[in-house]
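Spelled out from the first residue to the last, the chains are:
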Amino acid sequence: MHSNTLAIAVAVAVLVAHVQNTVAITHQHQHQYHSNNNINNNNNNNNNNNILISSEQQARLAAPFIQQRDHSHRDKLNDDNFLNDTAHFHSHNWKKRAQPLNPKFSDDSPTGSVSSPAGLAGATSKQSSLAPSDGVQPSSTTTRVIAQRAANPKATANKSATTLSTSSSSTKTTSSSSSTSTTSSTQVTTSSSSSVKSAQSSSSTPATSKNQVATVSSSTTASTTTSKAATTTTTTKATSTSQKASSATSSKNSALTLPTPPSSSCATMYTDISSGAVYGPGLGDFPMSPRPSTFVKRSGAKLTLDGETYRMVGPNIYWLGLDENVIPNPSYPDKGRVREAMAITVAMGGNTIRSHTLGISTGNSLSLWPSNGKTNAAAWDSIDYAIFAARNYGLRLLIPLSDNYAYYHGGKYDFIGWAGLSKSDGNQFYTSSAVVKIFKAYISVLLNHVNTYTGVALKDDPTILGWETGNEYGGYMLGGGAPPASWTSSIATYVKSIAPNHLVFDGTDGLVDSSGNLQNTGFGVSNVDGVTDHFYPALDWLLTKDKGLLASQTTKNYFVGELDWTGQQGGDTLSSFYTILEGMSGSGSMIWSVFGHDANCCDYVTHNDNYSLLYPNGNTKALQAQILLVVQHWYRMRGLTPPKTMPAVACPQPALKA
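What comes next is a walk through the structure. (Residues numbered from 1 in each chain as written. Predicted model: local features only at pLDDT ≥ 70, side-chain atom pairs only at ≥ 80, totals over all residues. Heavy atoms only, no water.)

1. Let's talk about the sheet that holds strand β7 (residues 302–305)
- Strands sit in the order β6-β7-β8 across an open sheet of 3 strands; the sheet is antiparallel. Edge positions in the sheet fall to β6 (297–299) and β8 (308–309), since each has one partner strand and no second.
- Here β6 runs beside β7; their pairing, made up of 3 bridges, is antiparallel. Looking across to β7, one finds that R298 is bridged to L303. (Pairing = 2+ DSSP bridges. Helix = DSSP H or I, 4+ residues; strand = E, 2+ residues; numbered from the N terminus.)

Right, here's the structure in full:
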């Protein structure tokens, strides 16, 4: 008995020693890049275009979360170490959500010709051949993987994942005429409710297709007019004259119903319409702003639209121009997914979307600039369509121009490499005249482009609220150093010389360094309209610090550009954080980051950084409660009455009219 016990004890001791050694090796591997500055730069240069790792996954998996406030997880690394990091993170081989290629719900053409609201009948695809093909059936099984972060902030990310498999063998294609949500023989005409001030009134009576699938369906009447909600709602003056609308109310329109998923194996359908539902532009009585026709301006430290205060609120939807969360990775996103993302933003009370890939598109074969000065015309379609869709949903866009990191969609290291310089020194992006010249040439191509869907050059489109000089320059707590004020001024001046009606925001990551000292140089640049900070997680002390610094600055708008909304990584509560932010006059508020369903409106597309907001009910019940806090906060920021529940969103959304 004693000998057996001794043997067991010895075995346990050996096992513990092995585990401790493994953990030590893992920890060493996790952080070895902090001091390893001797990796061959030629290898990095050669491999850079092959690094298709997530723009957020490589970043959020290692650093301490209590002081973490950006998604790069550089643990106060400077830019020079970045290339060493990519090799480390690339080796993790993180699993991605398998996104089947889709039978399209709509094929919206740049010419403006569209199908019915169902987006199905007689549509002619004019998508680039690089876009996902039509008619490819989903695989029999789709695996959802959500990477879990370790509780220990210094531990490596826990690769054990919660895996849910859902059979999609019964998923219906868009050609199906037997969907349960199809009304095959009834045509419905709808008109906008008087509470919906949409500039699309001329096209507010679209007819549904006889072959519509999982889309706006009718009741038994052959022709129905959208009715007002039976109950009276309190109307609150919004903070912009173009946004005066009542709070979301329950839609009692018998002609509009939420489409059912194409298969019983799909994600659970959200059916609560007590706070209204977004069916599409011009459909139903959900308040939606009109198509942008005037520009957002800055007045002092506030933004204004038509003379009224405009508080920028909404999600980051970084994948609208090029998506890394689908197969093939990356791919141009499905247009139906883009429309649903717009509808989600409207339902959540947002008025602005921040999207990296609409402006940062360099360095790989699907990019706008795969190489220096070589424009890939096929890349315009997804960029143009996202702007067109935002316009139709009454939304504005904030677009960064480059990135501090070498992500799949590109960043500053592309420009450094194109200038023939070593990528080991990220600061050359600011100091090299050759690099700046190439960057400005790229900006010119982007801003002067004429959108094929709207016929409006990007530089002249009021849908675009403004441009950020970049994303997260300087890195975590500005450990890499903020861009020189001279560089920021030069880029801001150049952007405004092309697009004088657009705002320019400093792309520096925050205001202060790790000691709490002001390091943001954009504060002192006269032609910069605003500054930003990113919070991972929500930190009241840091927001309060920003507030104090802004008190003496009367010419710069401030917005939280990214925020960990989950509350799972420590930090302060959303409620306390939002209370401070709402009290900061003119401030804006955005979160990271929103995802909707796949192209079949079946399962949610996810990103493995553990910050995916799967609206409305793709997250856990606890996280859905967090989402509701975000929604209510955004409504309050806009002067609207917050809903008590999350408004619903129809999927699919109807095809769009030019």
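2. What to know about helix α5 (residues 380–392)
- For α5, with 13 residues, the first-to-last C-alpha span of 18 Å sits near the 18 Å given by 1.5 Å per residue.
- The element α5 is extensively covered by neighbouring structure, given that 12 of its 13 residues are classed as buried.
- Looking only at α5, the buried set comprises W380, D381, S382, I383, D384, Y385, A386, I387, F388, A389, A390 and N392.
- Close packing links the buried residues of α5 with α4 (335–347), β11 (396–400), α8 (433–448) and β12 (464–468). (Expected span 1.5 Å × (residues − 1). Buried < 20%, exposed > 50% of the residue type's maximum accessible area, 1.4 Å probe, protein only. Contact = heavy atoms within 4.5 Å.)

3. Let's talk about the environment of A406
- Summarising the element assignment, A406 is placed in the loop between β11 and α6 (412–418).
- Judged by relative accessible area, which is 4%, A406 ranks as buried.
- For the pair formed by A406 and T362, sequence separation is 44 residues and the distance between their alpha carbons is 9.8 Å.

4. Quick notes on the pairing of β11
- In terms of burial, β11 is a largely internal element, 5 of the 5 residues being buried.
- The two faces of β11 match: R396, L398 and P400 on one face and L397 and I399 on the other face are all buried.
- Alignment of strand β10 (residues 352–354) against β11, held across 3 bridges, turns out to be parallel. Within the sheet, the bridge partner assigned to I353 lies in β11 and is L397.
- The parallel pair β10 and β11, bridged by α5, forms a crossover whose chirality is right-handed.
- The pairing of β11 with β12 spans 4 bridges and is classified as parallel. When the bridges of β12 are listed, I399 appears paired with W467. (Right-handed = clockwise from strand over helix to strand, strands pointing away.)

5. Quick word on the state of the cysteines
- If you walk through the whole model with that rule in mind, you get 2 disulfides.
- Disulfide pairing is shown between C266 and C602; the S-S distance is 2.1 Å. Where C266 bonds to C602 through sulfur, the torsion about that S-S bond is close to -100°, and the disulfide is left-handed. Highlighted residues: C266 in the loop between β4 (245–246) and β5 (277–278) and C602 in the loop between β17 (594–595) and β18 (613–614), separated in sequence by 336 residues.
- Shown here for the protein is a disulfide pattern of 1-3, 2-4, where each number marks a bonded cysteine counted in sequence order. (Disulfide = S-S within 2.5 Å.)

6. Side note on the nonpolar core
- With 120 residues, the main nonpolar core has L320, M348, W467, Y558 and Y615 as its most contacted residues.
- Non-local contacts of L320, meaning those with residues more than four positions away in its chain, are made with P333, V338, A341, M342, I353, S355, T357, L358, S382 and A386. (Core = buried A, V, L, I, M, F, W, Y, C linked by side-chain atoms within 4.5 Å.)

7. A closer look at the packing of aromatic side chains
- Using the criterion set out here, one finds 26 aromatic pairs in the structure.
- Seen from their ring centres, Y318 and Y408 are 6.5 Å apart, and the 75° between their planes marks the pair as edge-to-face. Of the two residues, Y318 is situated in the loop between β9 (313–316) and α4 and Y408 in the loop between β11 and α6; the sequence distance between them amounts to 90 residues.
- Overall, the relative accessible area of 0% leaves Y318 in the buried class. (Phe/Tyr/Trp six-rings, centres within 6.5 Å; stacked < 30°, edge-to-face > 60°.)

8. What about the packing of α4 against α5?
- Between α4 and α5, the shortest axis-to-axis distance is 10 Å and the interhelical angle comes to 35°. In this structure, α4 crosses over α5, and the sense of that crossing is right-handed. Residues K335, V338, R339 and M342 of α4 touch α5, and the partners they reach there are D381, Y385, A386, A389 and A390.
- Partitioning the contact of α4 with α5 into residue classes produces 6 nonpolar, no polar and 3 charged. (Axes fitted to C-alpha atoms, helices over the stretch in contact; angles between N-to-C directions. Left-handed = near helix turned anticlockwise from the far one by under 90°. Nonpolar A, V, L, I, M, F, W, Y, C, P; charged D, E, K, R; others polar.)

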